[in-house]
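The chain contents come next:
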Amino acid sequence: MTEFETATIAFQNASLWAAYIQAGGAGLVGLVQCALIFYGLKLMQRSNTDRQRQMDLAEKRHEESLLTLRTLIERTAPR
């Protein structure tokens, strides 16, 4: 085998390993992206749940205020 053939085979092996490393890196980046998207969706879900809880509390306070106002109007209305 000539020196050129040996160098060509060595270059092919190095290129093959580079392709494996590149594919592994791309797979790792893909997994990290999926994890970040999942984390972001979980944060959005938690935020939505908190916002809904706040809206429910505000609605309850509003209903209590209306009840209090109706009672006050009934007590102070002329007969």
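Located above this text is the structure these notes cover.
Residues numbered from 1 in each chain as written. Predicted model: local features only at pLDDT ≥ 70, side-chain atom pairs only at ≥ 80, totals over all residues. Heavy atoms only, no water.

**Examining the overall build of the protein chain**
Of the regular secondary structure elements, the protein chain holds one helix and zero strands. The C-alpha atoms of the protein chain give a radius of gyration of 34 Å, which is well past the 12 Å a tight globule of 79 residues would have. For the protein chain, the spread of C-alpha atoms along the three principal axes comes to 115 × 10 × 5 Å. Expressed as a percentage of the 79 residues in the protein chain, the buried residues total 0%. Looking at the protein chain as shown, the accessible area adds up to about 7,600 Å², and 65% of this sits on carbon and sulfur atoms. (Helix = DSSP H or I, 4+ residues; strand = E, 2+ residues; numbered from the N terminus. Rg over C-alpha atoms; globule rule 2.2 N^0.38 Å. Buried < 20%, exposed > 50% of the residue type's maximum accessible area, 1.4 Å probe, protein only. Areas by Shrake-Rupley, 256 points an atom, 1.4 Å probe, with all protein chains shown as cover.)

**A word on the packing of aromatic side chains**
Scanning the entire structure with this criterion turns up one aromatic pair. Between the aromatic rings of W17 and Y20, the centroid separation amounts to 5.9 Å while the plane-to-plane angle is 80°, which identifies the pairing as edge-to-face. One end of the pair, W17, and the other, Y20, are both in helix α1 (residues 3-76), three residues apart, so they sit about a helical turn from each other. (Phe/Tyr/Trp six-rings, centres within 6.5 Å; stacked < 30°, edge-to-face > 60°.)

**Here we look at the pattern of salt bridges**
Here the structure, examined in full by the defined rule, presents one salt bridge. The partner of D50 in a salt bridge is R53, and the shortest N-O contact between them spans 3.2 Å. One end of the pair is D50 and the other is R53, both in helix α1 and three residues apart, which spans about a single turn. (Salt bridge = Lys/Arg side-chain N within 4 Å of Asp/Glu carboxyl O.)

**Some points on the environment of Q45**
Examined against the element boundaries, Q45 turns out to sit in helix α1. For Q45, a relative accessible area of 47% puts it in the partly exposed group. Separated by 11 residues in sequence, Q45 and C34 have C-alpha atoms that sit 16 Å apart.

**A look at a negative patch on the surface**
A surface patch of negative charge is lined by D56, E59, E63 and E64. Looking at where E59 falls in the secondary structure, it is placed in helix α1. (Patch = residues over 30% accessible without salt bridge, like charges linked within 9 Å, V, L, I, M, F, W, Y side chains within 5 Å. Lys, Arg positive; Asp, Glu negative; His and termini not counted. Charge placed at Lys NZ, Arg CZ, Asp CG, Glu CD.)

**Section: the environment of R46**
Mapped onto the fold, R46 is located in helix α1. Since its relative accessible area comes to 52%, R46 is described here as exposed. As for R46 and A10, which are separated by 36 residues in sequence, their C-alpha atoms are 54 Å apart.

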